[in-house]
Amino acid sequence: MIEEGCVSIDVGKGVFYNPRMEMNRDITVACLEALPEVSTYVDAMGASGIRGIRVKKEVSRDVEVTINDWDATACELIKRNALSNGVKVSVSNCGANTLLSSTQFDFVDIDPFGTPAPYINSTCWASKRAMGITATDTAPLCGAHLKSGIRTYAAYPLKTEYYAEMGLRVLLGKVAREEAKYDRALKPLLCHATEHYIRLYLGVEHGRAAADRMMKEMGFIVHCFKCKNRFEAKGLAPLALDTCPVCGAKVGIGGPVWLGATKDKAFVEKVIGVLEKGRFNKKGPAIKMLSIIKDELDMPTFYDQHAICRDLKATPSDISTLIRALNDLGYSASRTHYLGVGFKTDAPINIIKGTVLRLSKNA
Ligand SMILES: C[S@@+](CC[C@H](N)C(=O)[O-])C[C@H]1O[C@@H](n2cnc3c(N)ncnc32)[C@H](O)[C@@H]1O
């Protein structure tokens, strides 16, 4: 028996349960609390049922919860766990794509082993108001397994120091393209890359105009591996560019990816509020991460101060000192949840390097 949030769950034998995903489930419950428009929820890959049972028990309004798994043993366990926690949920025993091609829910949650790619089409069709998507295939998404990433996501992931964000944006780009064909648009509410996984919470907007607007957020990231200059190129037209405008070296081009915002600040603030008030074992780390996400600049890449320092043979300074120094020069800059020594800024690369060097001399 394990205790999580307000539930006690028998994780059985041969049915999947990962204690490292507790923070992920805490945040799921808080997000559902912060989405009052959601009254039907499905965990299409339920395993022990813990995620859906927590949603049913811990969200303060009545949400109709369905928990599905293609494994009959898991379904028996889900039924027992729901009963022992005193909640009523619908249990379904079929393939996720079968369920999600025939039934729509306000919120669809998919939490597969590895890649969510085979389920994104049906998830987009079945999600009326919002969806939650977990991916644990970070190597293909982030560019470490290039051919697999290209096969799975039809995008070229650049292997850079901001690989975690690259992976998140490749995944978001894939969801956006699947969503657009149903004349719908995704609206990122909260997205994060944590340890071995990426998690997306996306709102859904309906209509061609919204879908057309959304597709304008797709495009490419141009990256210079020599001087670390990078910039975004919005739109899906082929790029007539192959050298870095700063140093003249050949550039790498990653994409198509999602270049737009990856969060809705007001929503993230609401989720933090729910976590602060509720009974969540992982509220400390969850709030810490969400507080950084809340203030993250909406830009598609970040810099690794240590990597810049290695190139310049400089000493890194405290990340908040560097951010303040860039702000003092009139640029926007923020921390990033992807990397403790990372930062986002709209300052040009020569200004960033000059600032890092100046601070290094003072260090
Ligand atoms: C990673 S676990 C889900 C964990 C669960 N959501 C949680 O929070 O603890 C994946 C589950 O999905 C089930 N599964 C995998 N592929 C499936 C499919 N195509 N359709 C339905 N269930 C599937 C597996 O049997 C397994 O129980």
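What you see is a predicted model, and the numbers here were worked out from it, not measured in a lab.

Undergrad: How would you sum up the UniProt feature "binding site: Zn(2+)" (unreviewed entry) in the protein chain? Please name residues and give values.
TA: Sequence positions flagged by UniProt for "binding site: Zn(2+)" (unreviewed entry) are, in local numbering, Cys224, Cys227, Cys244 and Cys247. For this annotated set, covering 24 residues, all C-alpha atoms fall within 8.6 Å of each other, a compact arrangement in space. In this fold, cysteine 224 is placed in strand β10 (residues 218-224). Contacts of cysteine 224, omitting those with residues within four sequence positions, involve Asn229, Arg230, Cys244, Val246, Cys247, Ala249 and Val251. Secondary-structure assignment places cysteine 244 in the loop between β11 (230-234) and β12 (251-258). With 22 C-beta atoms packed within 10 Å, cysteine 244 lands in the buried category. Those residues in contact with cysteine 244, other than ones at most four positions away along the chain, are Cys224, Lys226, Cys227, Asn229, Ala249 and Val251.

Undergrad: Give a detailed account of the confidence of the model for the protein chain, specifying residues and quantitative values.
TA: Taken over all residues, the pLDDT of the protein chain has a mean of 96, while the share at 70 or more is 100%. Overall fold confidence (pTM) sits at 0.97, and the ipTM for the predicted complex is 0.99.

Undergrad: Which residues make up the UniProt feature "binding site: S-adenosyl-L-methionine" (unreviewed entry) in the protein chain, and what values do they have?
TA: The residues that UniProt annotates with the feature "binding site: S-adenosyl-L-methionine" (unreviewed entry) are Arg25, Arg51, Asp69 and Ala96. Secondary-structure assignment places arginine 25 in helix α1 (residues 22-33). Ignoring sequence-local partners within four residues, the contact set of arginine 25 consists of Glu4, Ile50, Arg51 and Arg54. Relative to the elements of secondary structure, aspartate 69 occurs in the loop between β4 (64-68) and α3 (72-84). Residue aspartate 69 is classed as buried on the basis of its 26 C-beta neighbours within 10 Å.

Undergrad: Describe in detail the pairing of strand β7 (residues 127-135), supporting the description with residues and values.
TA: Within β7, seven of the nine residues are buried, leaving the element largely enclosed by the surrounding structure. Following the chain from strand β6 (residues 105-110) across helix α5 (residues 117-126) to the adjacent parallel β7, one finds a crossover that is right-handed. Inspection of the sheet shows β7 paired to strand β9 (residues 197-206) by six bridges, in the antiparallel sense. Residue pairing for β9: isoleucine 133 is matched across the bridge by leucine 200.

Undergrad: With reference to specific residues and values, describe the domain arrangement of the protein chain.
TA: According to the domain assignment, the protein chain contains domain 1 (2-217 + 257-295) and domain 2 (303-362). In this assembly, 10 residues from domain 1 lie in contact with seven residues from domain 2. Take the side of domain 1 that touches domain 2: its biggest share by element is four residues, from helix α11 (residues 283-295). Of the residues contributing to the side of domain 1 that touches domain 2, the split by class is six nonpolar, one polar and three charged.

Undergrad: So what's going on with the sheet that holds β9? Residues and values would help.
TA: With respect to topology, seven strands assemble into an open sheet ordered β5-β4-β3-β6-β7-β9-β8, the strand pairing being mixed. Among the strands making up the open sheet, the edge pair consists of β5 (90-92) and β8 (184-194). Across the sheet, the mean angle separating the axes of adjacent strands is 15 degrees when strand polarity is ignored.

Undergrad: How would you explain unusual backbone geometry if you had to name every residue and give the values?
TA: Residue proline 256 follows glycine 255 across a cis peptide bond; omega there is 0 degrees. With respect to the element layout, proline 256 can be found in strand β12. Of note, the phi angle at aspartate 183 is positive, near 55 degrees, even though the residue is not glycine. Among the secondary structure elements, aspartate 183 is positioned in the loop between α8 (163-180) and β8. With 13 C-beta atoms packed within 10 Å, aspartate 183 lands in the partly exposed category. You will see that lysine 228, though not glycine, has its phi angle at about 75 degrees, which is positive. Locating lysine 228 in the fold gives a position in the loop between β10 and β11.

What counts and what doesn't
- Residues numbered from 1 in each chain as written.
- Predicted model: local features only at pLDDT ≥ 70, side-chain atom pairs only at ≥ 80, totals over all residues.
- UniProt positions renumbered as here; feature names shortened; annotations may be inferred.
- Helix = DSSP H or I, 4+ residues; strand = E, 2+ residues; numbered from the N terminus.
- Contact = placed C-beta atoms within 7 Å.
- Buried ≥ 20, exposed ≤ 12 C-beta atoms within 10 Å, placed from the backbone.
- pLDDT = per-residue confidence, 0-100.
- Right-handed = clockwise from strand over helix to strand, strands pointing away.
- Pairing = 2+ DSSP bridges.
- Domains from an automatic or database assignment.
- Nonpolar A, V, L, I, M, F, W, Y, C, P; charged D, E, K, R; others polar.
- Axes fitted to C-alpha atoms, helices over the stretch in contact; angles between N-to-C directions.

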